[in-house]
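The primary structure of each chain is shown beneath.
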Amino acid sequence: MTKTLIKGGIIVSDGRSLKGDLLLDDGIISAVAERGATAEECEVIDASGCYVLPGIIDTHVHFREPGLTDKADIYTESRAAAFGGVTSYLDMPNTVPQTTTLEALNEKYTLAAEKSHVNYGFFFGATNDNYQLFSQLDRSMVPGIKLFMGSSTGNMLVDKYASLLKVFEKAKEADLPVVAHCEDTETINRNMEQMKKAYGDDPLVALHPIIRSEEACYESSALAVQLARTFGARLHVAHISTAAELDLFSPYSPSSFLPPPSITAEACVAHLLFSSDDYLSKGSLIKCNPAVKSSADREALRSALTDGRITTIATDHAPHLLSQKQGGCARAASGMPMVQFSLVAMLDLVDAGILSIERMVELMAHQPATLFGITRRGYLREGYHADVTVVRPDSHWTLTKEQIQSKCGWSPLEGHTFRWRVEHTFCSGRHIYNNGEFDDTVRGDMLAFH
């Protein structure tokens, strides 16, 4: 592996931005210098006018492998990640078979070692009766336990109260965080029944946030928080979609030099970009679970990015074939591909003054690494793995179908003009993406957790 010198960019890490040079040597960041870093026999990247960021860590993706590879697979989606400046991902367990046994977990790691272009980790999925396996998991290779507390794709609902108690108890004993999908199934089913009576078997998608309502989200999230407090377990509530849920979380700032609280929240890109007003133009393309809610909810989520109640930004990248996205609330599949465009989309919010670029880096790299204990990644620090993304501002481009790398071949952002461009992606020091050129031979590393 050759040395790489990234010169003259604005380096963003640890809450500050400074113009300087970054030296990558044998997969490790060997120097972070305000100016004048030198090295012999190295590739030199002129980053003048660019921002040099830690590689983005997406802690919530569905790459669909094994078993659902008509929609996506590890090879294609990790390629999309690299194009978008994402150098590490944590994949969810609702595949076929589900990642709810040790054998299924090991098989995923075997597949990723062969196919993943960027770094990878896999959540272990909770069921109503597999909590005894938590103690057998190797903490160094598992980021946490994924718990579906509301109906979603994959039939992994944990709906027995006694089982929920055991999941939190055993996760605490195994020192594994619980990542919870929180929607109350009874409320959703009741709402769906009412909508079908009023509007037919496949209600219009604009009714999705009424069916998967604020009440359904809040009741389930509140229960998860209560259970986490009862057992002293670590809880990260996935894809918060309502203003009401934000009241369940305490503000946190890494500048306090304190560890994150034990109960934290994730915001997903779709809920930060879209509102219920967009169903008129986007239709079922923005149908996801939990549903995109009102513009007031979106504004509350955006505010929570800076007041500390949101700890991470992820994508919930969930590809489906375009044919599977047709229909309304009952028929259209829920989920959308976002991993390739999450960084440039959030940089749009930076330009809009919604958050600073330093805070964006905290939410998309630093805090994901800290929260899940990812070893020596997520920061631009000497001695850390050389996961680096170089982005250029004031570089307008409009997304077309031909640019989409995800296997499904569509995006709800088609036609959008972005203001930033990803120019380089380095994964463990390997120059995988270079101004439109992609090194197909690069494979990522298995993430280590502590």
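A short tour of the structure in this document, coming up. (Residues numbered from 1 in each chain as written. Predicted model: local features only at pLDDT ≥ 70, side-chain atom pairs only at ≥ 80, totals over all residues. Heavy atoms only, no water.)

As for the overall build of the protein
Logical step 1: Broken down by element type, the protein carries 12 helices and 20 strands.
Logical step 2: Along the longest, intermediate and shortest principal axes, the C-alpha atoms of the protein span 70 × 45 × 40 Å.
Logical step 3: Across the 450 residues that make up the protein, the buried fraction comes to 62%.
Logical step 4: Counting only carbon and sulfur atoms, one obtains 48% of the accessible surface of the protein, whose full area is about 16400 Å².
Logical step 5: Across the protein, 41 positive and 56 negative side-chain charges occur, with their mean positions spaced 2 Å apart. (Helix = DSSP H or I, 4+ residues; strand = E, 2+ residues; numbered from the N terminus. Buried < 20%, exposed > 50% of the residue type's maximum accessible area, 1.4 Å probe, protein only. Areas by Shrake-Rupley, 256 points an atom, 1.4 Å probe, with all protein chains shown as cover. Lys, Arg positive; Asp, Glu negative; His and termini not counted. Charge placed at Lys NZ, Arg CZ, Asp CG, Glu CD.)

With respect to the pairing of strand β2 (residues 16-25)
Logical step 1: Here strand β1 (residues 3-13) pairs with β2 via eight bridges, running antiparallel. Each residue of the ladder has a partner; that of Val12, found in β2, is Ser17.
Logical step 2: Between the end of β1 and the start of β2, which pair antiparallel, lie two residues, with Asp14 showing a positive phi angle near 55°.
Logical step 3: Adjacent in sequence and paired antiparallel, β2 and strand β3 (residues 28-33) are bridged by two residues, among which Asp26 carries a positive phi angle near 55°. (Pairing = 2+ DSSP bridges.)

Considering empty space enclosed by the protein
Logical step 1: Under the counting rule described, the total for this entry stands at three cavities of 30 Å³ or more.
Logical step 2: Within this model, the largest cavity holds a volume of roughly 190 Å³.
Logical step 3: Lining the largest cavity are 21 residues, with His62, Asn289, Asp316, Ala318 and Gly335 sitting closest to its centre.
Logical step 4: Within the residue set of the lining of the largest cavity, elements represented by two or more residues are β10 (145-148) and α8 (269-273).
Logical step 5: Partitioning the lining of the largest cavity into residue classes produces six nonpolar, 12 polar and three charged.
Logical step 6: Considering the residues around the second largest cavity, the lining is formed by Ser241, His271, Phe274, Ser275, Val292, Lys293, Ser294, Asp297, Arg298 and Leu301.
Logical step 7: Per element, the largest residue contribution to the lining of the second largest cavity is three residues, and it comes from helix α10 (residues 295-307). (1 Å grid on protein atoms, 1.4 Å probe; cavity = no way out; pocket = protein on both sides within 12 Å on 5 of 7 lines; lining within 4 Å. Points joined across faces, edges and corners; volume = space filled by probe spheres on them. Nonpolar A, V, L, I, M, F, W, Y, C, P; charged D, E, K, R; others polar.)

Here we look at the nonpolar core
Within soluble globular proteins, side chains that are nonpolar generally end up buried alongside one another.
Logical step 1: In terms of nonpolar packing, the biggest core is built from 115 residues, with Leu235, Met346 and Met360 touching the most fellow members.
Logical step 2: Counting residues per element, this core draws most heavily on helix α12 (residues 357-372), which supplies nine residues.
Logical step 3: Among residues more than four places away in sequence, those in contact with Leu235 are Phe168, Val178, Ala180, Ala224, Val225, Ala228, Ser262, Ile263 and Thr264.
Logical step 4: Core analysis: the next-biggest nonpolar cluster, separate from the first, contains 17 residues, Leu18, Leu22, Ile45 and Tyr384 among them. (Core = buried A, V, L, I, M, F, W, Y, C linked by side-chain atoms within 4.5 Å. Contact = heavy atoms within 4.5 Å.)

Comments concerning the sheet that holds strand β9 (residues 124-125)
Logical step 1: Taken in spatial order, the six strands line up as β9-β10-β11-β12-β13-β14 in an open sheet, and their pairing is parallel. Among the strands making up the open sheet, the edge pair consists of β9 and β14 (312-314).
Logical step 2: Sheet topology note: the strand β13 (residues 263-268)/β14 ladder contains three bridges and is parallel. Paired with Cys268 across the two strands is Ala314, which belongs to β14.

Section: the packing of aromatic side chains
Think of a pair of aromatic rings as described by two things: how far the centres are apart, and how the planes are tilted against each other in angle.
Logical step 1: Throughout the structure, instances matching the rule amount to 14 aromatic pairs.
Logical step 2: With a centroid separation of 4.4 Å and 50° between ring planes, the pair formed by Phe63 and Tyr89 is classed as tilted. Of this pair, Phe63 sits in the loop between β6 (56-61) and α1 (74-83) while Tyr89 sits in strand β7 (residues 86-91), and the two are 26 residues apart along the sequence. Residue Phe63 shares its accessibility class with Tyr89, and that shared class is buried.
Logical step 3: Ring centres 4.9 Å apart and planes at 90° place the aromatic pair Tyr109 and Phe122 in the edge-to-face group. In this pair, Tyr109 is assigned in helix α2 (residues 102-115) and Phe122 in strand β8 (residues 119-122), connecting sequence segments 13 residues apart.
Logical step 4: Note on Tyr109: relative accessible area 6%, which makes it buried.
Logical step 5: Classification of Phe122 by relative accessible area gives buried; the value is 0%.
Logical step 6: Of the aromatic side chains, those joined through ring pairs into one cluster are Phe63, Tyr89, Tyr109, Tyr120 and Phe122.
Logical step 7: Taking NZ or CZ as reference, Arg381 lies 3.8 Å from the ring centre of Tyr379, over its face. (Phe/Tyr/Trp six-rings, centres within 6.5 Å; stacked < 30°, edge-to-face > 60°. Lys NZ or Arg CZ within 6 Å of the ring centre and 35° of its normal.)

Some words on the environment of Leu164
Logical step 1: Its location among the elements puts Leu164 in helix α3 (residues 161-173).
Logical step 2: It is 13 Å that separates the C-alpha atoms of Leu164 and Leu235, two residues lying 71 residues apart in sequence.
Logical step 3: Non-local contacts of Leu164, meaning those with residues more than four positions away in its chain, are made with Leu147, Met149, Val158, Leu223 and Leu227.

Details of the pattern of salt bridges
Logical step 1: Per the stated rule, a full pass over the model turns up 24 salt bridges.
Logical step 2: The salt bridge partner of Lys3 is Asp25, with a shortest N-O separation of 3.9 Å. Of this pair, Lys3 sits in strand β1 while Asp25 sits in strand β2, placing them 22 residues apart in sequence.
Logical step 3: We classify Lys3 as partly exposed; its relative accessible area is 29%.
Logical step 4: A salt bridge links Arg430 to Asp445, with the nearest nitrogen and oxygen atoms 3.8 Å apart. One end of the pair, Arg430, is in strand β19 (residues 430-434); the other, Asp445, is in the segment after β20 (437-438), and 15 residues separate them in sequence.
Logical step 5: Judged by relative accessible area, Asp445 falls into the partly exposed class, the value being 23%. (Salt bridge = Lys/Arg side-chain N within 4 Å of Asp/Glu carboxyl O.)

Purely geometric stuff here, so don't read any function into it on its own.
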